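# Remarks on the overall topology
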Amino acid sequence: TISGIQAIPVEVEVDVSSRGLPGITIVGLPTQVVQESKERVRTAIRNAGFSFRAKKVTINLAPAGIHKHGPAFDLPIALALLHAYRCIPPAPSHKILYYGELSLDGTVKPTRGTFAVGLMAQQKGFAMMASALHAESLSAIPTLKVIPIHSLQSLTYKISESQAAVQLHPPRESFPFTYYGQEATLRGLVVAASGQHHLISSGSPGTGKTMLQEAYRQLVPPLSQDHLLETSAIYSAAGIPLPHHLMYYPPFQSGQHTHSASVLFGGGRQHMLGLATLSHRGVFVLDELPRFQKSHLTTIQTLLESRIITSIDNDQPYTLPAHFSLFATMNPCPCGKVIGCICTASTKHRYVSAIPEPLLDRIDLFTTTNSFVSTDTQQTQIDLKSLARQVENATHLQRERYKKSPLTSNGDLQSKDIQEFCTLTPQARKLLEKYTETFQLSARRYIILHRVARTIADLDEKNTIDESHVAETIQYCVKEKL
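Described in the following lines is the structure provided in the data block. Small disclaimer: the values here were computed from a predicted structure and weren't measured.

Okay, the overall build of the protein chain next. Across its full length, the protein chain carries 18 helices and 19 strands. Here the analysis covers contacts within the protein chain between residues at least 6 apart in sequence; of these, 74% occur between residues at least 24 apart. Accessible surface, the protein chain as shown: approximately 23300 Å² in total, 53% of it carbon and sulfur.

If you want it as structure tokens, here you go:
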């Protein structure tokens with residue numbers, strides 16, 4: 001069963017007795033969906049060609065103290081019933097995890113959470129029996145033995161020793177990208193994508209903020225193998241189908257100021273996963289940032305540090321991952337007009353001040369899309385594929401640099417990591433410290449300057465951060481651009 005995104009093994013026990021009134025009772029905190037499996041299983045068994053006399057049947061789902069969700073108990077319940085009635089021989093002696101919903105004709109259907117359960121099965125040394133339609137995605141989990149099954153009649157299928165090869169990075173759609181005079185903004189986007197940095201882009205409506213989001217999606221490199229499995233398990237637990245069965249590229253989720261806390265961060269009666277968790281290892285986009293409720297912005301601020309969400313299920317706390325890059329957009333003022341703006345300086349100040357200062361202090365990059373471009377500005381056709389290769393090369397350097405540490409990108413660098421991974425030339429250090437002292441920057445901003453400079457150096461394929469890297473960093477780290 002799934003609790004949050006965590007898969008928990010459940011043992012299905014069946015007792016058949018000739019004493020007592022005929023009927024099937026399920027115990028062990030089953031939800032209504034699990035209770036309804038009695039009728040699905042009984043009909044599926046009959047339509048699969050098996051028959052038995054009605055007796056008193058007790059089905060226990062252990063451990064008893066955890067709520068059991070979803071229809072995936074159909075398959076193990078059916079198998080346990082058939083064995084209890086001696087319609088089939090005993091199950092194999094080695095450990096197998098059975099997971100799948102049954103149609104009334106006995107077909108094993110694709111089931112929400114299968115990938116997350118597959119990861120748990122691998123970790124605990126189980127083989128796994130599930131719908132054949134999940135075989136391709138499950139084959140991506142190293143060392144997991146998968147028994148693909150089509151129906152109840154297929155229960156005797158042997159474990160397949162060969163697994164289908166997985167295409168690592170299926171191609172994604174791209175589109176020609178044309179920008180007028182926004183090269184500096186696009187460069188900031190390249191830096192953010194390369195180091196998984198948090199970014200706020202300010203600009204009037206129609207200046208290209210939405211187009212930047214589409215460009216960002218094409219710039220981010222494919223996920224590493226570990227992160228591919230991690231994010232695929234999240235989407236499997238959420239019951240969200242993926243185009244290629246697995247999450248090959250970082251997820252993008254867009255939050256609106258009209259969304260509730262449960263939509264943004266998860267929870268509620270249905271234990272739904274929020275957009276923050278669905279953005280794990282990807283990008284969480286927030287449009288019109290100043291219009292979000294202050295409580296929501298405070299939660300976002302906390303997540304940028306903790307990168308986890310704590311929830312409660314059946315009085316038991318559990319955590320959900322929320323390690324994402326924040327990409328927020330905003331207008332320069334409440335009306336957002338380029339021409340005819342009547343907003344006063346104080347109105348604009350209140351609008352920007354709606355964003356808590358501690359949240360702004362955790363943003364790595366600030367960019368502004370130009371509201372006016374001269375007609376003399378030459379139309380520039382941007383080669384996103386070339387930029388994406390730069391991003392991928394910089395990402396590769398980081399993965400190699402941090403492969404023996406818990407870090408995954410420059411955006412993860414903390415104060416304790418600066419000395420080891422951020423070597424500056426004397427000129428670069430002098431410029432950085434002078435800027436920090438002149439503007440009395442916080443210790444957090446000082447670390448952010450190192451993070452971004454490290455990424456810009458990686459884009460230049462330089463091991464040492466030089467003065468030009470720091471100078472460019474300073475352009476992007478100025479909060480006053482808002």
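The final tally for this structure, using the stated rule, is 16 salt bridges. In this structure, Glu230 and Arg281 form a salt bridge, with 3.4 Å as the shortest nitrogen-oxygen distance. Highlighted residues: Glu230 in helix H8 (residues 225-238) and Arg281 in the loop between helix H10 (275-278) and strand S14 (283-286), separated in sequence by 51 residues. According to the relative accessible area criterion, Glu230 is partly exposed, its value standing at 27%.

Empty pockets left among the atoms are what a rolling probe the size of a water molecule brings to light. One pass over the structure, following the stated rule, counts 1 cavity of 30 Å³ or more. There is about 50 Å³ of room inside the largest cavity. Looking at the largest cavity, the residues that line it are Gln196, Arg281, Gly282, Arg307, His323, Phe324, Ser325, Ser409, Gly411 and Asp412. Among the residues making up the lining of the largest cavity, the classes are represented as 1 nonpolar, 6 polar and 3 charged.

A few words now on the packing of aromatic side chains. Enumeration according to the criterion identifies 5 aromatic pairs in this entry. Here the aromatic rings of Phe284 and Phe324 are separated by 5.3 Å at their centres, their planes lie at 85°, and the arrangement is edge-to-face. Of this pair, Phe284 sits in strand S14 while Phe324 sits in the loop between strand S16 (316-321) and strand S17 (325-330), placing them 40 residues apart in sequence. In this structure, Phe284 and Phe324 share a single accessibility class: buried. With 4.9 Å between their ring centres and 85° between their planes, Tyr402 and Phe421 make a pair best called edge-to-face. Residue Tyr402 is located in the loop between helix H14 (384-401) and helix H15 (415-421), and its partner Phe421 is located in helix H15; the two are separated by 19 residues in the primary sequence. With respect to burial, Tyr402 and Phe421 carry one shared label: buried.

Reading guide: rules and limits
Residues numbered from 1 in each chain as written. Predicted model: local features only at pLDDT ≥ 70, side-chain atom pairs only at ≥ 80, totals over all residues. Heavy atoms only, no water. Helix = DSSP H or I, 4+ residues; strand = E, 2+ residues; numbered from the N terminus. Contact = heavy atoms within 4.5 Å. Areas by Shrake-Rupley, 256 points an atom, 1.4 Å probe, with all protein chains shown as cover. Salt bridge = Lys/Arg side-chain N within 4 Å of Asp/Glu carboxyl O. Buried < 20%, exposed > 50% of the residue type's maximum accessible area, 1.4 Å probe, protein only. 1 Å grid on protein atoms, 1.4 Å probe; cavity = no way out; pocket = protein on both sides within 12 Å on 5 of 7 lines; lining within 4 Å. Points joined across faces, edges and corners; volume = space filled by probe spheres on them. Nonpolar A, V, L, I, M, F, W, Y, C, P; charged D, E, K, R; others polar. Phe/Tyr/Trp six-rings, centres within 6.5 Å; stacked < 30°, edge-to-face > 60°.

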